[in-house]
Amino acid sequence: MPAVLTSRPPGGTRLLGVGAYRPDRIVTNDEVCGPIDSSDEWIRQRSGIVTRRHARPDETVASMAAAAARDALAFAGVPAERVDTVIVASMSNLQQSPPIAPEIAHRAGAGSAAALDVGAACSGFCHGLAVADALVRAGTAGYTLVIGAERMTDIIDPKDRSTAFLFGDGAGAVLVGPAALPGIGPVVWGSDGARSGLIAHSDSWLAVRDKPEFWPTMRMAGQEVFRWAIQQVAPTALAAVGAAGLDVADLAAFVPHQANLRIIDKLAAALRLPDTVRVSRDIVDTGNTSAASIPLALHTMLTGGGPAPSGPALLTGFGAGLSYAALVVDLP
């Protein structure tokens, strides 16, 4: 019998469906290592990544997000017109205005839904999920789509040795709805703005106006981010497990942000997860897709072949900001 989240009063929310969109184009390490003077072996050792997906020109943040949303709705068996809220997490939408969530809601068939963007970078999906949980429990929202969608190839310099090999494109989505028993645990989240420069664009978009030939791209202090993630994320994740009234032995799965395979393995060790807990390592084939990485990894875990885990899953997001969030959900 799977463990049930018991830290909240009866009634709550749960994940009803999971969806994904992955671009068809699979990019190997050999394709990206030339401009950064690297090798397949170096990239695998440093990140664990073997392949990632790159979007075609017609595969936009909005089109990929809408496709993932429709997939999540089909998984849940809920028609789009019953969705009344859409929350989109993305750090790679290049248009300052309008926000992208209303367009995605329209494309997904939920054109009259309230729609808003969440700007929390790689932890954006967990932030959006926490907001959706609170809205549904408060009675403010009913069926709510939470989507992470990224075209990271638009904001990465292919010659930057710290980021070019890491990132990929894609979108993932979940449908959140009311439930008789709580299926989404309390969020544990925070930020560390003193370290905001560790993952940041080289300049603001204002620089494009002043220097038309200049294109700001995202840069990262990899080793410092690595150390910060191990120090900050593991205690946050443990706190989320405790807030849900559970122990790590009760977990069925651990689905962290797919930032780096070495970070994932270090976090799993720091959490002292038993062998019964399935650990997502979707980064090997998908790369780091920022806000899309957790729902994409969830989708792979549930539909990628073999027996799908059942029960509570620990989700942890972390990244630029620096922002972080963790919560436990019952898998659909």
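Source: prediction; values computed, not measured. Per chain, residues are indexed from 1 in the order of the written sequence. Since the coordinates come from a predicted model, pLDDT governs what is reported: local features require at least 70, and pairs of side-chain atoms require 80 or more to be given and counted, while whole-chain, interface and lining totals use all residues. Note that the side-chain values use all heavy atoms of the structure and ignore hydrogens as well as water.

Colleague: Please give an account of the overall build of the chain that cites residues and values.
Modeller: Of the regular secondary structure elements, the chain holds 10 helices and 14 strands. Against the globule reference of 20 Å for 332 residues, the chain gives a C-alpha radius of gyration of 19 Å, in line with a compact fold. Out of the 332 residues belonging to the chain, those deemed buried represent 56%. Sequence separation of 24 or more characterises 78% of the internal contacts of the chain that already satisfy a separation of 6 or more. The method behind every accessible area is Shrake-Rupley, applied with a 1.4 Å probe, and residues are considered shielded solely by the protein chains displayed. When the accessible surface of the chain is split by element, carbon and sulfur atoms take 52% of a total near 13,200 Å². Only four residue types enter the tally: Lys and Arg on the positive side, Asp and Glu on the negative side; His and the chain ends are excluded. Note on charges: their place is set at NZ of Lys, CZ of Arg, CG of Asp or CD of Glu. A distance of 2 Å separates the average location of the 26 positive side-chain charges in the chain from that of its 31 negative side-chain charges. Numbering goes from the N terminus for both helices and strands, where a helix is a DSSP run of H or I of at least four residues and a strand is a run of E of at least two. The globule rule is 2.2 Å times the number of residues to the power 0.38, and the radius of gyration it is compared with is taken over C-alpha atoms. Burial status follows relative accessibility: with a 1.4 Å probe on protein chains alone, a residue under 20% of its type maximum counts as buried, one over 50% as exposed, and anything between as partly exposed. Contact criterion: two residues are considered in contact whenever any of their non-hydrogen atoms come within 4.5 Å of each other.

Colleague: Could you give an account of the sheet that holds strand E11 (residues 253-256), with specific residues and numbers?
Modeller: Here we have five strands laid out as an open sheet, ordered E8-E14-E13-E11-E12, and mixed in their pairing. Single-partner strands in this sheet number two, and they are strand E8 (188-191) and strand E12 (278-279). The sheet strands contacting helix H7 (residues 222-243) are E8, strand E13 (312-319) and strand E14 (323-330), and the helix crosses E14 at an angle near 35 degrees. On the sheet, helix H10 (residues 293-303) packs against E11, E12 and E13 and is oriented at approximately 145 degrees with respect to E11. At least two DSSP bridges between two strands are needed for those strands to be called paired. Comment: axis = line fitted to C-alpha atoms, over the contacting stretch for helices; angle = value between 0 and 180 degrees taken between N-to-C directions.

Colleague: If you had to explain the pattern of salt bridges to someone new, which residues and values would you point to?
Modeller: Definition used for salt bridges: Asp or Glu carboxyl oxygen within 4 Å of a side-chain nitrogen of Lys or Arg. Applying the stated rule across the entire model yields 13 salt bridges. Notably, a salt bridge pairs Asp 40 with Arg 44, separated by 3.0 Å at the nearest N-O pair. Separated by four residues within a single helix, Asp 40 and Arg 44 lie in helix H2 (residues 40-47), roughly one turn from each other. Note on Arg 44: relative accessible area 42%, which makes it partly exposed. Beyond isolated ion pairs, a larger network of salt bridges with shared partners links Asp 24, Arg 56, Asp 58 and Glu 59.

Colleague: Kindly report on the side chain of Asn 29, identifying the contributing residues and their values.
Modeller: Among the structural elements, Asn 29 can be located in helix H1 (residues 29-33). Since its relative accessible area comes to 0%, Asn 29 is described here as buried. Non-local contacts of Asn 29, meaning those with residues more than four positions away in its chain, are made with Asp 40, Ile 43, Arg 44, Ile 49, Val 50 and Arg 52.

Colleague: Any chance you could break down a positive patch on the surface for me, citing the residues and the numbers?
Modeller: Together, Arg 46, Arg 161, Arg 262 and Lys 266 line one region of the surface with positive charge. When you line up the elements, Arg 262 lands in helix H8 (residues 261-270). Residues forming no salt bridge and having over 30% relative accessible area are the ones grouped into patches, like charges within 9 Å of each other and nonpolar side chains (Val, Leu, Ile, Met, Phe, Trp, Tyr) within 5 Å.

Colleague: Could you give an account of the nonpolar core, with specific residues and numbers?
Modeller: Among the buried residues, those of types Ala, Val, Leu, Ile, Met, Phe, Trp, Tyr and Cys that are joined through side-chain atoms within 4.5 Å form a nonpolar core. Counting 50 residues, the largest nonpolar core has Leu 251, Phe 254, Leu 273, Leu 314 and Phe 318 as the members making the most contacts within it. Elements supplying a minimum of two residues to this core: H1, strand E10 (218-220), H7, H8, E13 and E14. The element best represented in this core is H7, accounting for nine residues. Grouped together as the second largest cluster of nonpolar side chains are 30 residues, Leu 15, Phe 125, Ala 297 and Leu 315 included.

Colleague: Provide a residue-level description of the packing of H7 against H8, including the pertinent values.
Modeller: Remark: H7 packs on H8, axes separated minimally by 10 Å, with the N-to-C direction vectors making an angle of 30 degrees. The pairing of H7 with H8 is recorded here as roughly parallel in orientation. In this structure, H7 crosses over H8, and the sense of that crossing is right-handed. Here Phe 226, Ala 229, Ile 230, Val 233 and Ala 234 of H7 lie close against H8, whose contacting residues are Arg 262, Ile 263, Lys 266, Leu 267 and Ala 270. Think of it as three bins: nonpolar holds Ala, Val, Leu, Ile, Met, Phe, Trp, Tyr, Cys and Pro, charged holds Asp, Glu, Lys and Arg, and polar takes everything else, Gly as well. When its residues are assigned to classes, the contact of H7 with H8 shows eight nonpolar, no polar and two charged. What sets the label is the angle itself: under 35 degrees gives roughly parallel, over 145 gives roughly antiparallel, 65 to 115 gives roughly perpendicular, and the rest give oblique. Left-handed is the label given to a crossing in which the near helix is rotated counterclockwise from the far helix by less than a right angle, and right-handed is the label when the rotation is clockwise.

Colleague: Which residues make up the UniProt feature "domain: Beta-ketoacyl-[acyl-carrier-protein] synthase III C-terminal" (unreviewed entry) in the chain, and what values do they have?
Modeller: UniProt positions are given in the numbering used here, feature names are shortened, and annotations may be inferred rather than shown by experiment. The feature "domain: Beta-ketoacyl-[acyl-carrier-protein] synthase III C-terminal" (unreviewed entry), as annotated in UniProt, sits at residues 243-330 in this numbering. With 30% helix and 25% strand, residues 243-330 has its two end C-alpha atoms placed 14 Å apart.

Colleague: Before we move on, can you summarise the packing of aromatic side chains with the specific residues and values?
Modeller: Under the pairing criterion, centres of Phe, Tyr and Trp rings, with the six-membered ring standing for Trp, must be within 6.5 Å; the plane angle then separates stacked pairs below 30 degrees from edge-to-face pairs above 60, leaving the rest tilted. Tallying each qualifying case throughout the model produces three aromatic pairs. Each ring, one from Trp 42 and one from Phe 165, has its centre 5.2 Å from the other, and the planes form 70 degrees; the classification is edge-to-face. Taken as a pair, Trp 42 in helix H2 and Phe 165 in the loop between strand E6 (143-151) and strand E7 (169-179) lie far apart in primary sequence, 123 residues in all. The partly exposed category is assigned to Trp 42, whose relative accessible area is 22%. As a reminder, the over-ring test applies to NZ of lysine and CZ of arginine, requiring each to be within 6 Å of the ring centre and within 35 degrees of the ring normal. The ring of Trp 42 has Arg 161 lying over it, and the distance from NZ or CZ to the ring centre is 4.2 Å. Seen from the ring of Phe 214, Lys 211 lies directly overhead, with NZ or CZ sitting 4.5 Å from the centre.

Colleague: Summarise the UniProt feature "domain: Beta-ketoacyl-[acyl-carrier-protein] synthase III N-terminal" (unreviewed entry) in the chain; cite the residues concerned and give the values.
Modeller: Here the UniProt feature "domain: Beta-ketoacyl-[acyl-carrier-protein] synthase III N-terminal" (unreviewed entry) sits at residues 116-193. Taken as a whole, residues 116-193 contains 19% helix and 35% strand, while its terminal C-alpha atoms sit 23 Å from one another.

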